[in-house]
Amino acid sequence: MSVFRTVRGMRDFLPQEAAILRSVEEKARRVAELYGYGEIVTPIVESYELLAAKAGEEVKSRMFVFKDLGGRDVALRPEFTASVARLVATTLRNQPRPFRLFSVGSVYRYDEPQKGRHREIRQSNYELMGSEAPIADAEIVLLTNSLMQACGLRNCVFKVGHVGVLRGIFDEENLEDKVQDAIMQLMDKKQYDDAFTMLENSGVSAKCIKILKELVKLKGQEIFDVVKKMQSLVEGYGKAAEASKNLFQILRIIYESACDLDISVDAGFARGLEYYTGMIFEVNVPDLDIALGGGGRYDKLIKLFGGESTPAVGVAHGLDRIILAMQEQKVLPDAKLEKSVAVIPVDEKLNGEALKIAQLLRDAGVRVEVEVVGRKMAKALEDANRRAMDFAVIVGERELKEGAVVLRDLKKRAQQTVKVNAIAGVVRN
Ligand code: HAM
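Reference entry: report on the structure contained in this document. (Residues numbered from 1 in each chain as written. Predicted model: local features only at pLDDT ≥ 70, side-chain atom pairs only at ≥ 80, totals over all residues. Heavy atoms only, no water.)

## Section: the overall build of the protein chain
Phase 1 of the analysis: A count of helical and extended segments in the protein chain gives 17 helices and 17 strands.
Phase 2 of the analysis: Its C-alpha atoms give the protein chain a radius of gyration of 28 Å, clearly above 22 Å, the size a compact globule of 429 residues would have.
Phase 3 of the analysis: Its C-alpha atoms put the protein chain at 95 × 55 × 45 Å along the principal axes.
Phase 4 of the analysis: Classification of the 429 residues of the protein chain by burial places 51% in the buried group.
Phase 5 of the analysis: Restricting the contact set of the protein chain to residue pairs at least 6 apart, pairs at least 24 apart contribute 67%. (Helix = DSSP H or I, 4+ residues; strand = E, 2+ residues; numbered from the N terminus. Rg over C-alpha atoms; globule rule 2.2 N^0.38 Å. Buried < 20%, exposed > 50% of the residue type's maximum accessible area, 1.4 Å probe, protein only. Contact = heavy atoms within 4.5 Å.)

## Looking at the pattern of salt bridges
Phase 1 of the analysis: Applying the stated criterion across every chain yields a total of 37 salt bridges.
Phase 2 of the analysis: Between Arg22 and Glu25 there is a salt bridge whose closest N-O contact spans 2.8 Å. Linking Arg22 with Glu25, this pair stays in helix α1 (residues 15-34), spanning three residues, or about one helical turn.
Phase 3 of the analysis: We classify Arg22 as partly exposed; its relative accessible area is 48%.
Phase 4 of the analysis: The partner of Lys60 in a salt bridge is Glu57, and the shortest N-O contact between them spans 3.4 Å. Note that Lys60 and Glu57 are positioned in helix α3 (residues 57-60) at a spacing of three residues, about one turn of the helix.
Phase 5 of the analysis: With relative accessibility at 27%, the residue Lys60 sits in the partly exposed group.
Phase 6 of the analysis: Among the ionic contacts, a cluster of salt bridges with common partners joins Arg367, Glu369, Glu371, Arg375, Asp383, Arg386 and Arg387. (Salt bridge = Lys/Arg side-chain N within 4 Å of Asp/Glu carboxyl O.)

## Digging into the layout of surface pockets
Phase 1 of the analysis: In this structure, the second largest pocket occupies an estimated 730 Å³ of space.
Phase 2 of the analysis: Along its surface, the second largest pocket is lined by 26 residues, and Tyr276, Thr277, Gly278, Asp299 and Lys300 are the ones closest to its centre.
Phase 3 of the analysis: Put simply, the parts of the chain that give the lining of the second largest pocket at least two residues each are α6 (163-172), α7 (177-188), α11 (238-256) and α12 (301-304).
Phase 4 of the analysis: When the residues that make up the lining of the second largest pocket are grouped by side-chain class, the tally is six nonpolar, eight polar and twelve charged.
Phase 5 of the analysis: A domain split of the lining of the second largest pocket shows at least three residues from each of domain 1 (1-153 + 291-333) and domain 2 (157-284). (1 Å grid on protein atoms, 1.4 Å probe; cavity = no way out; pocket = protein on both sides within 12 Å on 5 of 7 lines; lining within 4 Å. Points joined across faces, edges and corners; volume = space filled by probe spheres on them. Nonpolar A, V, L, I, M, F, W, Y, C, P; charged D, E, K, R; others polar. Domains from an automatic or database assignment.)

## Description of the site of the ligand
Phase 1 of the analysis: Looking at the ligand, there are 27 residues lining it, with Glu79, Asp111, Arg271, Tyr276 and Ala291 nearest.
Phase 2 of the analysis: Contacts to the ligand include Tyr276, whose side-chain N or O atom sits 2.7 Å from a nitrogen atom.
Phase 3 of the analysis: At 2.8 Å, a backbone N or O of Ala291 approaches an oxygen atom of the ligand.
Phase 4 of the analysis: Calculation on the ligand without its partners gives an accessible area of 660 Å², and the protein chains cover 95% of this total.
Phase 5 of the analysis: Taken together, the elements giving at least two residues each to the shell around the ligand come down to β6 (120-129), β11 (293-297) and β12 (312-318).
Phase 6 of the analysis: Each residue belonging to the shell around the ligand can be placed in one class, and the counts come to nine nonpolar, eleven polar and seven charged.
Phase 7 of the analysis: Split by domain, the shell around the ligand shows at least three residues from each of two domains, domain 1 (1-153 + 291-333) and domain 2 (157-284). (Near = heavy atom within 4 Å. Polar contact = N/O pair within 3.5 Å; in protein donor to acceptor, adjacent residues only side chain to side chain. Areas by Shrake-Rupley, 256 points an atom, 1.4 Å probe, with all protein chains shown as cover.)

## What to know about a nonpolar patch on the surface
Phase 1 of the analysis: On the surface, a nonpolar cluster with roughly 230 Å² of combined accessible area is contributed by Ile44, Val45 and Phe66.
Phase 2 of the analysis: Note that Phe66 resides in strand β3 (residues 65-67). (Patch = residues over 30% accessible without salt bridge, like charges linked within 9 Å, V, L, I, M, F, W, Y side chains within 5 Å.)

## Concerning the sheet that holds strand β13 (residues 340-345)
Phase 1 of the analysis: With respect to topology, five strands assemble into an open sheet ordered β14-β13-β15-β16-β17, the strand pairing being mixed. The sheet terminates laterally at β14 (367-370) and β17 (414-419), the two strands that pair on one side only. In this sheet, neighbouring strand axes are inclined to one another by 25 degrees on average, regardless of whether the strands run parallel or antiparallel. (Pairing = 2+ DSSP bridges. Axes fitted to C-alpha atoms, helices over the stretch in contact; angles between N-to-C directions.)

## What to know about the sheet that holds strand β7 (residues 157-162)
Phase 1 of the analysis: Read from one edge to the other, the open sheet built from nine strands follows the order β1-β5-β6-β12-β11-β10-β7-β9-β8, with strand pairing classed as mixed. Strands at the two margins of the open sheet, each flanked by one partner only, are β1 (38-39) and β8 (219-220).
Phase 2 of the analysis: Pairing of β7 with strand β10 (residues 279-284) involves six bridges; the strand directions are antiparallel. Its bridge partner lying in β10, Lys159 is registered against Glu282.
Phase 3 of the analysis: Set on the sheet, helix α5 (residues 134-150) makes contact with β5 (99-108), β6, β7, β10, β11 and β12; between it and β12 the angle comes to about 15 degrees.

## Here's the deal with the nonpolar core
Burial of nonpolar side chains together is a common tendency in soluble globular proteins.
Phase 1 of the analysis: Membership of the largest hydrophobic core comes to 110 residues, with the highest contact counts inside it found for Tyr126, Leu153, Phe158, Leu199, Leu215, Leu292 and Ile322.
Phase 2 of the analysis: Take this core: its biggest share by element is eight residues, from α5.
Phase 3 of the analysis: Split by domain, this core shows at least three residues from each of two domains, domain 1 (1-153 + 291-333) and domain 2 (157-284).
Phase 4 of the analysis: When neighbours within four sequence positions are excluded, Leu292 is seen to be in contact with Met148, Leu153, Val283, Val285, His317, Gly318, Arg321, Ile322 and Ala325.
Phase 5 of the analysis: Of all hydrophobic cores here, the second largest spans 21 residues; its members include Val341, Val368, Val393 and Val427. (Core = buried A, V, L, I, M, F, W, Y, C linked by side-chain atoms within 4.5 Å.)

## What to know about the environment of Lys159
Phase 1 of the analysis: With respect to the helices and strands, the residue Lys159 is situated in strand β7.
Phase 2 of the analysis: Note on Lys159: relative accessible area 18%, which makes it buried.
Phase 3 of the analysis: For the pair Lys159 and Lys412, spaced 253 residues apart in sequence, the C-alpha separation works out to 52 Å.
Phase 4 of the analysis: Excluding its chain neighbours within four sequence positions, the residues that come into contact with Lys159 are Lys190, Ser264, Asp266, Phe269, Ile280, Phe281 and Glu282.

As structure tokens, this is what we get:
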């Protein structure tokens, strides 16, 4: 038999790592609660057609796709947004807007494994549906900042752009959607030369190419100056001008909220997912050269899935990367929280008594591990010490006759005889 390892790109989480993951998930869940996002749980397996509809070539080509035994084309979700949009287009169709919906769990992409890049990815995902107002875009950005703060991360930088500016120009140049999508994919990968070659071959005006070359260079942290330059560059392209005005409004609301975010506007910023129609953003920390989260506005997806026309904006955070950033910045929480007790019977005749005492302690909220290997007392104590447990309860016949046990403080190396019903109190104090 071969030695089995995890499939490439997939990882095991041992107890300490799992505890960290769960604690970050808890923070994401708490942010959802504080912002009024209700949790939904959607399937990991969805129809390929749904997931592929607007994922974009890059994500589409990296999906885990297969036929189920009924011959249906299905895939492991590469993200949550398509599933949430499906739900809003169907089951939630007639519910009053806006919706605030939250999910947390695994998504799957056949990316090339490397630091911070895996094939099973844990995301926390937030979607705000039913508002086209800039305050909704601002909320999604601020919510992301709240999660970064809750995780103790410092020096977060938000990179912000607007798909409507680029698409607005392309639309007025009558560029087919398919070509627009291909150019946006190239821009997302920063392959600007290829993007310009494709544009030149598609017959757009020289003015359009000139403006795009300027836009790609236009970025910086003087955000209102950058957006004003953007506005003057795209003058004459009605939709693009509207889009840059919209970006200005979103940034102004964020600025006026006094949340003090570090923002950099990037006029040539594009994202791989194809459904975006408006503001897009990513959040980074300087310690890592990868995005900890990203999102944006997508106003047409729900209608595309057969629902009521519903403007929407959302974000997903990569929890694996957030943990990595917390490691780099040394702000990971201490995983061990509760006091732990080893219950060790002196003799196997007392196994039942040991379990009874263990249950009593657990009922009082104390973490207990019972000696199940039948080791001699010295060995069992040595093991409890090695695993950094706090106390040992030694269950012996003599003390039991008095309704008591020996309680050994493994840290202080001291012991005392304690009545059974008093152990929990002593351990906690
Ligand atoms: P995304 O930018 O594709 O957006 O993914 C969001 C985050 O997931 C990334 O910023 C990154 O932290 C993490 N991530 C993605 N791929 C990997 C990987 N291979 N390994 C580790 N982490 C990864 C979305 O998924 C959109 N659904 C966001 C959204 C919601 N837009 C609107 N609503």
